[in-house]
Amino acid sequence: MSFTLPADYGYVIAVGALSTLYPLVLGGQVGGARKRANVPYPHMYATQEECAKDKNKYLFNCYQRAHHNFLENYPQFLFLLATSGIQYPQIAAGAGAVWIVGRIFYASNYQTGEPSKRNGGLALLHLFGMLTLIGLGITTGVSLSWKAFST
């Protein structure tokens, strides 16, 4: 089976490529928080005891966690973006952009030092974007499978 990418698949590529910038931003933010908190490498997090004594160490953990949460969700985002875009390039690119905006708000909320507020406000956009990509991905997979089965 072969297929041709739609002419507007470039939107999908652009969103995917631009999305690679945000983990770099988050990494830089973590580096700054690490320096303010004086958490030496190779330690990933400050301990509970350290956080209880030093707000900067607690905030560092929040920055680190926001970054890690992004990285934990990034592979499935890229896969769903790429595969959904085969059949629905404009919708997939739009959902991808919405996911990125939602992740920016999610990280910003987390970095306030109140992790329970991480999904507040516009941060919920990331869920809407991801659910849209999941739906499009499933639809694309079923459609392509059906075409292969029918031939």
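Residues numbered from 1 in each chain as written. Predicted model: local features only at pLDDT ≥ 70, side-chain atom pairs only at ≥ 80, totals over all residues. Heavy atoms only, no water.

### Quick notes on the pattern of salt bridges
Here is step 1 of the chain: Evaluated as defined, the whole model comprises two salt bridges.
Here is step 2 of the chain: Here Arg 65 ties to Glu 72 by a salt bridge, and the two come within 3.0 Å at their closest N and O atoms.
Here is step 3 of the chain: In this structure Arg 65 comes out as partly exposed when scored by relative accessible area, which is 24%.
Here is step 4 of the chain: For Glu 114, the salt bridge goes to Lys 117, with nearest N and O atoms at 3.0 Å.
Here is step 5 of the chain: The class for Lys 117 is partly exposed, based on a relative accessible area of 46%. (Salt bridge = Lys/Arg side-chain N within 4 Å of Asp/Glu carboxyl O. Buried < 20%, exposed > 50% of the residue type's maximum accessible area, 1.4 Å probe, protein only.)

### Some details on the environment of Ala 93
Here is step 1 of the chain: With respect to the helices, strands and loops of the structure, Ala 93 is situated in helix α5 (residues 89–110).
Here is step 2 of the chain: What makes Ala 93 buried here is its relative accessible area of 8%.
Here is step 3 of the chain: Counting along the chain gives 83 residues from Ala 93 to Gly 10, while the straight-line C-alpha distance between them is 9.1 Å.
Here is step 4 of the chain: Among all residues touching Ala 93, those that are not within four sequence positions of it are Tyr 11, Val 12, Val 15 and Leu 81. (Helix = DSSP H or I, 4+ residues; strand = E, 2+ residues; numbered from the N terminus. Contact = heavy atoms within 4.5 Å.)

### Describing a nonpolar patch on the surface
Here is step 1 of the chain: Together, Leu 124, Leu 127, Leu 131, Ile 134, Ile 138 and Val 142 line one region of the surface with nonpolar side chains, adding up to about 550 Å² of accessible area.
Here is step 2 of the chain: Structurally, Ile 138 can be placed in helix α6 (residues 125–150). (Patch = residues over 30% accessible without salt bridge, like charges linked within 9 Å, V, L, I, M, F, W, Y side chains within 5 Å. Areas by Shrake-Rupley, 256 points an atom, 1.4 Å probe, with all protein chains shown as cover.)

### Concerning the environment of Tyr 74
Here is step 1 of the chain: Relative to the elements of secondary structure, Tyr 74 occurs in helix α4 (residues 55–87).
Here is step 2 of the chain: Residue Tyr 74 is classed as buried on the basis of its relative accessible area of 11%.

### Quick notes on the packing of helix α1 (residues 10–19) against α4
Here is step 1 of the chain: Following both chains from N to C, one finds α1 and α4 inclined at 170 degrees, their axes separated by 10 Å at the closest point. The orientation of α1 with respect to α4, classified from their angle, is roughly antiparallel. Between α1 and α4 lies a crossing whose hand is left-handed. On α4, the residues touching Val 12, Val 15, Gly 16 and Ser 19 of α1 are Phe 70, Tyr 74, Phe 77, Leu 78, Leu 81, Ala 82 and Gly 85. (Axes fitted to C-alpha atoms, helices over the stretch in contact; angles between N-to-C directions. Parallel < 35°, antiparallel > 145°, perpendicular 65-115°, else oblique. Left-handed = near helix turned anticlockwise from the far one by under 90°.)

### With respect to the nonpolar core
Here is step 1 of the chain: If you look at the biggest cluster of nonpolar residues, it comprises 24 residues, and the most contacted ones within it are Phe 77, Leu 81, Trp 99 and Leu 133.
Here is step 2 of the chain: Considering every element that reaches this core, the biggest residue donor is α5, with eight residues.
Here is step 3 of the chain: Discounting chain neighbours no more than four positions away, the residues touching Leu 133 are Phe 77, Leu 80, Leu 81, Ser 84, Ala 92, Ala 95 and Gly 96.
Here is step 4 of the chain: Membership of the second largest hydrophobic core comes to eight residues, among which are Val 30, Ala 33, Ala 46 and Cys 51. (Core = buried A, V, L, I, M, F, W, Y, C linked by side-chain atoms within 4.5 Å.)

### What about the environment of Thr 140?
Here is step 1 of the chain: Locating Thr 140 in the fold gives a position in helix α6.
Here is step 2 of the chain: Relative accessible area serves as the criterion here: at 3%, Thr 140 is assigned to the buried category.
Here is step 3 of the chain: Residues Thr 140 and Ser 84, 56 residues apart in the sequence, show an inter-C-alpha distance of 6.1 Å.

### Considerations on the packing of aromatic side chains
Here is step 1 of the chain: Tallied over the full model, the rule gives eight aromatic pairs.
Here is step 2 of the chain: Considering the side-chain rings of Tyr 106 and Tyr 110, the 5.9 Å spacing of their centres and the 70 degrees angle between planes classify their relative orientation as edge-to-face. Linking Tyr 106 with Tyr 110, this pair stays in helix α5, spanning four residues, or about one helical turn.
Here is step 3 of the chain: Taking the relative accessible area as the measure of exposure, Tyr 106 reaches 4% and is therefore buried.
Here is step 4 of the chain: When its relative accessible area of 10% is taken as the criterion, Tyr 110 is described as buried.
Here is step 5 of the chain: One aromatic cluster in this structure is built from Tyr 22, Phe 70, Tyr 74, Phe 77 and Trp 99.
Here is step 6 of the chain: Directly above the aromatic system of Tyr 41 lies the positively charged group of Arg 34, at a separation of 4.0 Å from the ring centroid. (Phe/Tyr/Trp six-rings, centres within 6.5 Å; stacked < 30°, edge-to-face > 60°. Lys NZ or Arg CZ within 6 Å of the ring centre and 35° of its normal.)

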